Amino acid sequence: MTGISAEAEGTVQRLREGMAGGVLSFPLTSFHSDGGLDLDSYRAYLTGQLAAAQAPGAVFPACGTGEFFSLDEDEYREVVRVTVEVAAGRLPVVAGIGYGWAQARRFARIAEEAGADALLVLPHYLVAAPQDGLVEQLRRIASGTTLPLIAYQRGQVAFTAEGLRRIAGIPTVIGLKDGHSDLDRLQRLTLAAPDGFLFFNGASTAEIQARAYATVGVPAYSSAVHAFAPEIANAFFTALRTDDHTTTTKLLRDFYVPLVELRDQVPGYAVSLIKAAARLRNLPVGPVRAPLTDPTQTDLASLERILDTGLALVGAH
């Protein structure tokens, strides 16, 4: 890629290597039972998640799974700082930023000061916008930070091929996370992108669609499952990359699909179930913050059965 600093180019290369070698991990943020930020527990949790045997290709703190939307600026600073310390340069740290461009730039400055390597620009708040506005949003954020940016299209953010060309022309915009799962549109975007532009599958429970995304040239994906069962996430990744169709099909049928079916029953379970599954494994993550709610006892029992099945399938039970 041209037009970016040598340091940013190094980050792009590290991300490319990480995306080829492992899942992209979106860790949970630990809270006390009263909702306060629990940094000691977060450090312990993240240390386990990034241990050599479980290590992902990159780590994305304070994003959707990490409840970015519920963190104030001071809490956000501490979450990113601790993530950078625990990662210790072993893998890229990509912090989430969001809201309108002015607030996103504030979070970007905080993340940069805390040592993040790059930023994931979460969809802006509430309003729909034309392509000119989506491009200008990224331009304004980019003008306030030296860190590389990955755009995230989901909800009200969806780029056309021409919009993609324009954001790729912003020197520090290095990639796109896709949450729409519109493979026709995504294929057009990959064809419109310059060489070296990064793409990854950011659908909820991305493993469900990982094989389909790979057919349009987007094999890399984020994994919420890594946040509570890296053994399952890594086993699926390995099976997918080695064309072990028996294992991928078994995991999809007996673990991932039941998990998604349970997730889809209640709004917010895309995060709440992940956190509950982590607690079932005695990981120190605490509850979710409002407006999310923790799962019911009935749903927890279903989740435990699904988790037990997944762990048994990969020999981790």
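Above this text is the structure in question.
Presented here is a report on the structure given in the accompanying data block. Bear in mind that the values here come from a model prediction, so they are computed numbers and not experimental data. (Residues numbered from 1 in each chain as written. Predicted model: local features only at pLDDT ≥ 70, side-chain atom pairs only at ≥ 80, totals over all residues. Heavy atoms only, no water.)

So, the pairing of strand β5 (residues 149-153)
The two faces of a sheet get side chains in turn, since along a regular strand they alternate between them. Rule in force here: For the exposure calls, accessible area comes from a 1.4 Å probe over protein chains only, and a residue counts as buried if that area is under 20% of its type's maximum, exposed if over 50%, partly exposed in between. Helix numbering and strand numbering both begin at the N terminus, where a helix is a DSSP run of H or I of at least 4 residues and a strand a DSSP run of E of at least 2. Two strands qualify as a pair provided DSSP detects at least 2 bridges between them.
The element β5 is extensively covered by neighbouring structure, given that five of its five residues are classed as buried. Burial along β5 is two-sided: the residues L149, A151 and Q153 and I150 and Y152 are all buried. Note: strand β4 (residues 118-121) against β5, three bridges, orientation parallel. Opposite L120, over in β5, you have I150 as the bridge partner.

Regarding the nonpolar core
Stated formally: For the purposes of this section, nonpolar cores are sets of buried Ala, Val, Leu, Ile, Met, Phe, Trp, Tyr and Cys residues that join through side-chain atoms within 4.5 Å. By definition, residues are in contact when any of their heavy atoms lie within 4.5 Å.
F60, Y76 and F228 are the most contacted members of the largest nonpolar core, which totals 107 residues. Ignoring anything within four residues of it in the chain, the contact list for F228 reads Q49, F255, L259, I274, A277, A278, R281, L283 and L307.

Quick look at the packing of aromatic side chains
Here is the rule we go by: Working definition: rings of Phe, Tyr and Trp (its six-membered ring) pair if their centres are within 6.5 Å, and the pair is stacked with planes under 30 degrees apart, edge-to-face with planes over 60 apart, and tilted otherwise. Two limits define a charge over a ring: the Lys NZ or Arg CZ must be within 6 Å of the ring centre, and within 35 degrees of the ring normal.
Under the counting rule described, the total for this entry stands at 11 aromatic pairs. Both rings, one in Y99 and one in F107, keep their centres 6.1 Å apart while their planes meet at 40 degrees; by these two values the pair is tilted. Note on F255 and Y256: the rings are 4.8 Å apart at their centroids and 80 degrees apart in plane angle, and the pair reads as edge-to-face. Through a chain of ring-to-ring contacts, the aromatic side chains of F68, Y76, Y99 and F107 assemble into a single cluster. Sitting above the plane of the Y152 ring, K177 keeps its charged end 4.1 Å from the centroid.

Considering the side chain of T145
Heads up, the condition is: By the criterion applied in these results, polar contacts are pairs of N or O atoms within 3.5 Å in which, for protein atoms, one can donate a hydrogen and the other can accept it, and in which residues neighboring in sequence qualify only through two side-chain atoms.
Looking at the element boundaries, T145 is found in the loop between α5 (131-142) and β5. Among the residues examined, T145 registers a relative accessible area of 8% and is labelled buried. Side-chain polar atoms of T145 contact the backbone nitrogen of L147, separated by 3.1 Å. Beyond its immediate stretch of four places on either side in the chain, T145 contacts A108, E112 and L119.

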